[in-house]
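# Structural description and commentary
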Amino acid sequence: MRYSIFSLLREALSGHRGWGPAWRDAAPKPEYDVIIVGGGGHGLATAHYLAKVHGITRVAVLEKGWIGSGNVGRNTTIIRSNYLLPGNNPFYELSMKLWEGLEQDLNYNAMVSQRGVLNLYHSDGQRDAYARRGNAMRMHGVDAELLDREAVRRMLPFLDFDGARFPIQGGLLQRRGGTVRHDAVAWGYARAASGRGVDIIQNCEVTGFQRDGDRIIGVETTRGAIRAKKVGLAVAGNSSTVARLAGLRLPIESHVLQAFVSEAIKPFIPGVITFGAGHFYISQSDKGGLVFGGDIDGYNSYAQRGNLPTVEDVCEGGMALMPALGRIRMLRSWGGIMDMSMDGSPIIDHTPLPGLYLNSGWCYGGFKATPASGWCFAHLLARDEPHATARAFRLDRFATGYLLDEKGSGAQPNLH
Amino acid sequence: MRIPCPFCGERDLTEFSYLGDAGYVRPDASGSDAAGRFVEAVYLRDNPSGLHAELWYHASGCRTWLRVTRDIRTHEIASAEYANPAVGK
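In this section: the overall build of chain B. Within chain B, the secondary structure is distributed over one helix and six strands. Oriented by its inertia axes, the alpha-carbon framework of chain B measures out at about 45 × 30 × 20 Å. Here chain B, with 89 residues, has 37% of them falling under the buried criterion. Of the contacts formed within chain B by residues at least 6 apart in sequence, a portion of 45% connects residues at least 24 apart. Within the structure as shown, chain B displays about 5000 Å² of accessible surface, and the carbon and sulfur contribution to it stands at 50%.

Evaluation of the coordinates by the stated rule reveals 19 aromatic pairs over all chains. Seen in terms of ring centroids, W99(A) and F367(A) are 5.3 Å apart; in terms of plane orientation they differ by 40°. Their pairing is tilted. With a gap of 268 residues between them, W99(A) in helix 3 (residues 89-100) and F367(A) in the loop between strand 18 (356-360) and helix 10 (370-383) connect regions that are remote in the sequence. On the basis of relative accessible area, F367(A) is assigned to the buried category, the value being 8%. When the centroid spacing of 5.0 Å and the interplanar angle of 35° are considered together, the rings of Y57(B) and W65(B) count as tilted. Looking at Y57(B), the relative accessible area reads 22%, which means it is partly exposed. Classification of W65(B) by relative accessible area gives partly exposed; the value is 39%. Taken together, the aromatic side chains of Y83(A), F91(A), Y92(A), W362(A) and F393(A) make up a single cluster linked through ring pairs. Positioned over the ring face of F161(A) is R153(A), at 4.6 Å from the centre of the ring.

Attention shifts here to the sheet that holds strand 12 (residues 252-264) of chain A. Residue and element names in this part refer to chain A. Pairing is mixed across the open sheet formed by eight strands, whose spatial order is 5-6-4-13-14-15-12-16. Of all strands in the sheet, those bounded by a partner on one side alone are strand 5 (145-148) and strand 16 (330-341). With direction set aside, neighbouring strand axes in the sheet form an average angle of 25°. Here strand 4 (residues 117-121) pairs with strand 6 (residues 170-174) via five bridges, running antiparallel. The partner of Y121 across the bridge, within strand 6, is G170. Along the sheet face, helix 9 (residues 308-321) touches strand 4, strand 12, strand 13 (272-275), strand 14 (280-284), strand 15 (289-300) and strand 16 and points at about 135° away from the line of strand 15.

This part is about the state of the cysteines. Formally, a disulfide is one covalent bond, and it connects the sulfur atom of one cysteine to the sulfur atom of another. All names here are of chain B. This model, assessed by the stated rule, comprises zero disulfides over all chains. Between C62, a cysteine without a disulfide, and C5, which holds the nearest cysteine sulfur, the sulfur-to-sulfur distance is 3.6 Å. Exposure remark for C62: the relative accessible area of 22% places this residue in the partly exposed category.

Contacts between the two partners involve 23 residues from chain B and, on the opposite side, 26 residues from chain A. Buried area between chain B and chain A, summed over both chains or domains, comes out near 2200 Å², and the portion from carbon and sulfur atoms is 52%. By the criterion of area lost to chain A, the three top residues of chain B are Y43(B), R45(B) and N47(B), representing 31% of everything that side buries. The interface formed by chain B and chain A includes two salt bridges. A salt bridge links E253(A) to R45(B); its shortest N-O distance comes to 3.4 Å. Inspection of the region where chain B meets chain A yields 16 residue pairs in polar contact (both at pLDDT 80 or more).

This part is about the environment of Q126(A). Within the fold, Q126(A) resides in helix 5 (residues 124-139). Leave out the neighbours within four places in its chain, and Q126(A) touches L120(A), Y121(A) and G276(A).

Cut-offs applied
- Residues numbered from 1 in each chain as written.
- Chains lettered and ligands numbered in written order.
- Predicted model: local features only at pLDDT ≥ 70, side-chain atom pairs only at ≥ 80, totals over all residues.
- Heavy atoms only, no water.
- Helix = DSSP H or I, 4+ residues; strand = E, 2+ residues; numbered from the N terminus.
- Buried < 20%, exposed > 50% of the residue type's maximum accessible area, 1.4 Å probe, protein only.
- Contact = heavy atoms within 4.5 Å.
- Areas by Shrake-Rupley, 256 points an atom, 1.4 Å probe, with all protein chains shown as cover.
- Phe/Tyr/Trp six-rings, centres within 6.5 Å; stacked < 30°, edge-to-face > 60°.
- Lys NZ or Arg CZ within 6 Å of the ring centre and 35° of its normal.
- Pairing = 2+ DSSP bridges.
- Axes fitted to C-alpha atoms, helices over the stretch in contact; angles between N-to-C directions.
- Disulfide = S-S within 2.5 Å.
- Buried area = accessible area lost by both parts, 1.4 Å probe.
- Salt bridge = Lys/Arg side-chain N within 4 Å of Asp/Glu carboxyl O.
- Polar contact = N/O pair within 3.5 Å; in protein donor to acceptor, adjacent residues only side chain to side chain.

Here it is in structure tokens:
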């Protein structure tokens, strides 16, 4: 059913008994053209664009649990394209443009809200770095505004501007940044892909790969063997574990990132704010809860939960930025597992094994990339060549030296 | 998470800093395949889902490097010993 004001009115008048499931819970067939392992945002987006842009509809998305049970439902919902490096910036801007048209494309309300992302600076050196970043963004056609202290004060009078150590001197604002309802992204892509014939198969864990020499020709799963011409991995958080089944070692460590939400309050924070003197970012959901987070815990983990020192560190950052936070009670915290790559940037590429393709290494920036990741991975799977904006995300860049180290911290994943 | 330092006893996570996988061995730079081996040593990781041998530095304690074996699915620590076997002898 197409969602519209008319379908809503029709259902309102008939007691809302006609709404069907948004997508089809499929059983595996013996063979597909493309299998995508991982029913998260990136995998479902890949399936949607394979079907819609490339006309490939014999596609299965295999999900170990239920769709959207991983990081697409665990992030802090922020979208932005304020990257510095030439290899990154056009990719994230492609993502932003896809976000801007997402709801019309999917016929699904994902609550895309361009409420602005403001990165605060607290020193002259940091202002210069943000001016450079803003200029790099504008040279790529991305919106960026450097605000001074008074402009920030007019927007966000409740911040602590005069802290002795980290006085706020201004901020770099991307007005087109904002937030998106993350679960709706998974459901919307699932519905759109399913509507074009893609099979979404849940409770189907990949346990091995079928090979013909080096070539990957299918997967073994908990629901039986499935053959495919091409297999794409979109299992960030568990990329190393799944790739190991094919005998591959990746430039990735898995780390836990925690996120937090407060009790719901009346509208307080208009956009997304990031603290420049520590790692802390915050926004307010449409339900009223303050959604915030900070650094990864910093050690390898597959536990999907973190430790208390990081909770304390994040809350200290929040209190330094906006002391009013101390009056609000924290409601929940949770953890997600990040593919921390060795240069802090993702991988969308062939693997050394023909027939096996890799989408991984999203660190803690995967959500904003969801549409472009799906778009570029679908392009790679359909045409066997990288998409123009994702050419820098090569798996072999660690050997060739063409690293994309946005932060400049080297091969130490817990510092990215 | 608390780490049982062999010198200081069980101490809080905040006293330690993390380096990563303890399996790093510096390759022989004079070998003919040195470039490939350095790429593997610097960039590739096993990243196992289970027991993981890793290096921690007890920065706010005895300032020794520890080799900790930890189940990274649960954060349960199986053992912690001096990274340099000569320490403590």
